[in-house]
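What follows is the residue order along each chain.
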Amino acid sequence: MSNILRVQELSKSYRSGSRDLTVLYDVSFSIPGGSTCAVVGPSGSGKTTLLGLCAGLDHPSRGSVHLNDTQMDLLDEDARALLRNQHVGFVFQNFQLIPTLTALENVMVPLELRGESRADLPAQAWLDRVGLGDRMDHYPVQLSGGEQQRVALARAFINQPKILFADEPTGNLDDETSHKIVELLFELNKEIGTALVLVTHNLELAQLTQRIIRLRNGKIVSDELNQGQDN
Amino acid sequence: MNSKKSHFTITDPWIWKMAWRDGRHHWQRLFLFLLSIVMGTAALVAIQSMSDNLKRDIDEQAKTLLGADLVISSRQPFSSEVESFIDSLGGKQSREITFASMIYFKKNNGTRLIQVKSVEGAFPYYGALETVPSDAAGSFRQGGRALVDHGLMLQFGAEVGDTITLGSHSFVIEGRLQKVPGESAATQLVSPPVYISMRDLESTNLMKRGSRVVHRVYFKFDEKVDMDVLSEEIKPRLRAYQLGYETVESRKANLGKVFGDLYRYLNLVGFIALLLGCLGVASAVHVFINQKIPTIAVLRCIGARAKDTFAIHLIQVLCIAMLGAFLGAAAGSAIQIFLPGLLKEFIPVEVNPYVSWNAILRGLTISLSMALLFALLPLISIRKVSPLHTLRSTVSENNSRDIWRGVILVLIVAVVSIFSGMQIGRWSYGIGFTAAMAVVFGLIILIAKLMMRLVKTSFPRSWSYVWRQALANLYRPHNQTVMLMLSIGLGTFLIVSLYLTQDTLIKQIAIADSGKQPNLVFFDIQTDQQEEAEQMVRSMGAPVIQKVPIVTMRVAAIKGLTMEEIRKDSNSTVPRWVQEFRCTYRDTLTNTETILSGHWGRPVVGQDSILISVEKGMAENLNVSVGDTIVFDVQGVMMTTIVGSIREVNWRRVQPNFFVVFPTGVLESAPQFWVLVTRVTSAEMSASLQQAMVKRFPNISAVDLALILRTVDAILEKISFVIRFMALFSIGTGFVVLIGAILTSRFQRIQESVLLRTLGAVRKQIARIMGIEYLWLGSFAALSGCVLALLGSWALAFFVFDTPYDPVIMPVAVVFILIVGLTVFLGMFITRDISRKPPLEVLRKET
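For the structure given in this document, a descriptive report is provided here. Given the structure is predicted, the values throughout are model-derived calculations rather than measurements.

1. Thoughts on the overall build of chain B
Of the regular secondary structure elements, chain B holds 27 helices and 21 strands. Buried positions account for 53% of the 847 residues belonging to chain B. The contacts of chain B with a sequence gap of at least 6 include a subset with a gap of at least 24, amounting to 82%. By element, 61% of the accessible surface of chain B is carried by carbon and sulfur atoms, the whole surface being about 37,700 Å².

As structure tokens, this is what we get:
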């Protein structure tokens, strides 16, 4: 299977006062299409920075990121946004639903950004699929954390992305709700054939993926296939 | 699923749909923005509507402004040649002779300088003399009766039927004069009119030689007569006879000019309100964008372009701006209904408010374009919002220079210059106004930055934690110190400037009534009355400060050219009003005069002529210098004079000053009258002296400077009320800006407060920290505004009014305390929840 994401010698530095602070050193790896992978590591290890760079949310200081064979760092902001809209889905720890839109409208947005005229029909179908068919007209503030994350999942999958980045998707949920969300996430992933990159502290969650990349102090300290999962 | 579209434009329905979806339940976030525009637009539309109304009403009631189709006037009795010319004009004619004199109320011995108007014929032909009882307007013409100004009757407690004396003739008051066509109540306040019949004029014995009399003929022509053609035809002869004239059109033009100046000033006050409102717009949009960063970041994350997110929010701002502008235009149109009531004493026509579409369109154009430009300043930062905000709560901002920011700033300067130029009526003034505002803005920003530096580097470390925390808040990252200083400082500057300017104007006149300056002037004293009049003044314990002879004359020729030739010369710079002069003769300079060129009283070498001294400004008007000749017609006798010296005169000193002074030994035998200047120490002394003088010499008039001062004070009070009413918009908008600026930093304060309370700070400490911060901010901002206003009003006094500057500090101090108090109150009120409620409750509510 060809690689949907290729990361080569990726480094990221920030200016901190009068000196440069490097948070990611020469990171390289590839993610095959349809595979699942977890990026784990302690706080400050560079996980979120890596996710931001892989998704084209930030510029690397050095190295390159190829997403669906397109070198992201050569694109401008708008071209990267377009690429994300076509190939990338996101699930965030704090759900990141647009508070002023209803659940249905939140799910419709990615399709509408593509210019789809009847985005409501697939959005309704996706909300039904995540079990929120009866809460379509509710605003995020009227939904529980678990429900908000389901809406986020529907929004992430509605584009049928080739890769989905999930940043601590269960970080703000209780155990029972977490379990249900994780189940749904992996189920949809399998159904759509999307590659899944999971950034988490939660080793139990990481164990559900096929591959685990461990980061420490901005460097990859291990990149192993997870024996417990099918390839 | 296929991708159908990769980008949107602002006309794309989805962008509008998103703008609607996103804004439908949260429009209140832009409430301050809406309020700023409403207030600014309302001020603009109200003033412009009132101005349009007045123009329309002046047009519609034009003929009542003059009461006739044509008025011809002269300071001399009409010669037989002029009478023939007047007869030849035909139409209905009515005569009026007007002059200043003293009225004497028999009932209470009251006296006052008034304007006697003796009429003959059916004047006014258009409009009416409004009297109580109404038939008095006709019956007073039968003789022995007078119409007396309503205000004057109130002042002296006079009633219809009482007796008054004018000169040596007594009259029964026939009616109260409520309104004269074309004259405003304010004109009547300065010089109240008393109408008598022409047939009684002779018996008053007030028409002495040298009296300042105006003879008028009012004409009413057949409707078929084209007044433009007629006035063009008769103009040369009117000039030849040195007659003044006025048509309905020229009266309209003069009125338009007078009110144009007032409206331009009020327009500027309205424009300042809008400018402050635009600061509010920038502040409110800044708050709005800060709140929307997470949403914008999510949209960017899932594929929206920077332009798309910008367009969505631009549409929201545009819609609110339009809503605000329309609401403001409606409010302005409603307010203007009440404005004429405030100005009615100055307006000589009846103003009937109507909806001025011109004012609405103009107000909408100005406010929308300015609001949009000011909103764009914070709005363009949307383009720089990073999608990384979805992953991190703090993201280092992209600090690269944005060329659009510079473009918008240049556009703002250009638009403010153009619109202020439009409002004032002159482009150069618009640029000057913009430059002045830029200087004030710049100075307040500079003061704010200096204050922050001072607080950071200089406040004692030993102060209590509450003080240190409060003061540190002033220069913390993302502080709103500059914005708050700007809004409070600018508002204070405007309020105090308006007050101090008004005070300077009042004081300019009040100086005349202070210290040992003369304050009572008797004039029209005949030569044979002067010695007795002088004795009378001295016998009542008042000094004779000055006694001056005055000879009335006309200019006949300048530098060999007759006045007729000068008038015909289109290149001549001699003003048309240069005709009659009131000159004196003496052999010494007074202490108000300084010789600038030539020599006082010394003949020019080789010439044996009358050497006169001409005042500097008049010499410029007449285009004469030392050695030039001027021929005067001294009541029939031609007198050739040579300019011997040019003088500078301090006109502000209360004493008779003259454009032309003759040497002694020339005019002594010419018909003349005298002016006597004295000083009285009380209102009672002034009244007694005037009464005695009027009783003994009814032809002598008196000018009581204290009365003039009170009258001018009353007029200025009324005008300043209108200005203050308009300034209310600026002040109101200033508070909106202030609230916006406080709200901007609300979230930051919540986070700090929650942290401090978690660490054990009690509510009182949190409240004290915020209180001290607002107290400091309010004090510095209000102080900056007060100091700048003091500097500005000093500049006005020094450069414009040319008067000593002595500002009143107490009212400025009161404004300072009020502004500081209000800032602390608003700051504490808006953030009251933060210190009162439990930390978690606040956090849940705000996040």
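2. Thoughts on the nonpolar core
Residues and elements named next belong to chain B. With 95 residues, the main nonpolar core has F33, M370 and L379 as its most contacted residues. It is helix 10 (residues 248–301) that provides the largest number of residues to this core, a total of 16 residues. With near-sequence residues (within four places) excluded, M370 lies in contact with F271, L274, L275, C278, V415, V416 and F419. Counting residues in hydrophobic clusters, the runner-up holds 48 residues, among them I525, A533, V624 and F632.

3. Remarks on helix 4 (residues 120–129) of chain A
All names here are of chain A. Restricting attention to buried positions, one finds in helix 4 the residues D120, A123, W126 and L127. Across the axial projection of helix 4, the buried residues extend over an arc of 125°, all falling on one side. Looking at the buried residues of helix 4, the elements they touch are helix 3 (103–114), helix 5 (145–157) and helix 6 (175–192). G131 occupies a position one or two residues after helix 4 and carries a positive phi of about 85°.

4. Some words on helix 4 (residues 80–89) of chain B
Residues and elements named next belong to chain B. Within the sequence span of helix 4, burial applies to V82, F85, I86 and L89. Along the long axis of helix 4, the arc covered by the buried residues comes to 100°, so they all point the same way. Facing away from the buried surface of helix 4 by more than 90 degrees, the exposed residues are S80, E81, D87 and S88. Looking at the packing, one finds that the buried side of helix 4 touches strand 1 (70–74), strand 2 (92–105), strand 9 (213–220) and helix 9 (227–240). With its phi angle positive at about 70°, G90 sits one or two positions after the end of helix 4.

5. Section: the sheet that holds strand 10 (residues 219–225) of chain A
All names here are of chain A. Read from one edge to the other, the open sheet built from six strands follows the order 6-7-8-3-9-10, with strand pairing classed as mixed. Looking at which strands have only one partner, the edges of the open sheet turn out to be strand 6 (88–91) and strand 10. The average undirected angle you get between the axes of adjacent strands in this sheet is 15°. Two strands pair when backbone bridges link them, and strand 3 (residues 36–40) and strand 8 (residues 195–200) are joined in this way by five bridges, in the parallel orientation. Residue pairing across strands places V40 opposite T200, the latter belonging to strand 8.

6. A look at the environment of B:L129
Residues and elements named next belong to chain B. When you line up the elements, L129 lands in the loop between strand 3 (110–120) and strand 4 (130–132). Once the C-alpha coordinates of L129 and G67 are considered, the two residues, 62 residues apart in sequence, prove to be 9.6 Å apart. With residues up to four places along the chain from it excluded, the contact list for L129 reads P124, A137, F140, R141, L147, L177, K179, V180, P181 and Y195.

7. Here's the deal with the packing of aromatic side chains
Residue and element names in this part refer to chain B. Tallied over the entire structure, the rule returns 14 aromatic pairs over all chains. Three or more aromatic residues joined by ring pairs make a cluster, and in this case those are F581, F632, F659 and F662. Over the ring of W674 we find K547, and its NZ or CZ is 5.5 Å from the ring centre.

8. Let's talk about the interface of chain A and chain B
Listed as interface residues are 38 residues of chain A and, on the opposing side, 32 residues of chain B. Between chain A and chain B, a total of about 3,200 Å² is buried, with carbon and sulfur atoms accounting for 58% of that surface. Sorting the residues of chain A by area buried against chain B places A:T100, A:L113 and A:R114 first, and these three jointly supply 20% of that buried surface. A salt bridge links A:E112 to B:R21; the shortest N-O distance between them is 2.6 Å. Where chain A packs against chain B, one counts 11 residue pairs in polar contact (both at pLDDT 80 or more). With eight residues, helix 3 of chain A is the largest single contributor of residues to the side of chain A that touches chain B.

9. Thoughts on the pattern of salt bridges
The final tally for this structure, using the stated rule, is 33 salt bridges over all chains. Linking B:E232 and B:K235 is a salt bridge whose minimum nitrogen-to-oxygen distance equals 2.8 Å. Taken as a pair, B:E232 and B:K235 lie in helix 9 at a separation of three residues, close to a single helical turn. Taking the shortest distance from any N to any O, the salt bridge between B:D402 and B:R383 comes out at 2.8 Å. Within this pair, whereas B:D402 is found in the loop between helix 13 (357–379) and helix 14 (403–424), its partner B:R383 is found in the loop between helix 13 and helix 14, the two being separated by 19 residues in sequence. What makes B:D402 buried here is its relative accessible area of 17%. Look at B:R383 and you get partly exposed, because its relative accessible area is 27%. Ionic contacts of the salt-bridge type, sharing partners, join the residues A:E105, A:E112, B:K17, B:R21 and B:R24 into one network.

Calculation criteria
Residues numbered from 1 in each chain as written. Chains lettered and ligands numbered in written order. Predicted model: local features only at pLDDT ≥ 70, side-chain atom pairs only at ≥ 80, totals over all residues. Heavy atoms only, no water. Helix = DSSP H or I, 4+ residues; strand = E, 2+ residues; numbered from the N terminus. Buried < 20%, exposed > 50% of the residue type's maximum accessible area, 1.4 Å probe, protein only. Contact = heavy atoms within 4.5 Å. Areas by Shrake-Rupley, 256 points an atom, 1.4 Å probe, with all protein chains shown as cover. Core = buried A, V, L, I, M, F, W, Y, C linked by side-chain atoms within 4.5 Å. Arc of directions from axis to C-beta. Pairing = 2+ DSSP bridges. Axes fitted to C-alpha atoms, helices over the stretch in contact; angles between N-to-C directions. Phe/Tyr/Trp six-rings, centres within 6.5 Å; stacked < 30°, edge-to-face > 60°. Lys NZ or Arg CZ within 6 Å of the ring centre and 35° of its normal. Buried area = accessible area lost by both parts, 1.4 Å probe. Salt bridge = Lys/Arg side-chain N within 4 Å of Asp/Glu carboxyl O. Polar contact = N/O pair within 3.5 Å; in protein donor to acceptor, adjacent residues only side chain to side chain.

Distances and angles like these do not, on their own, reveal function.
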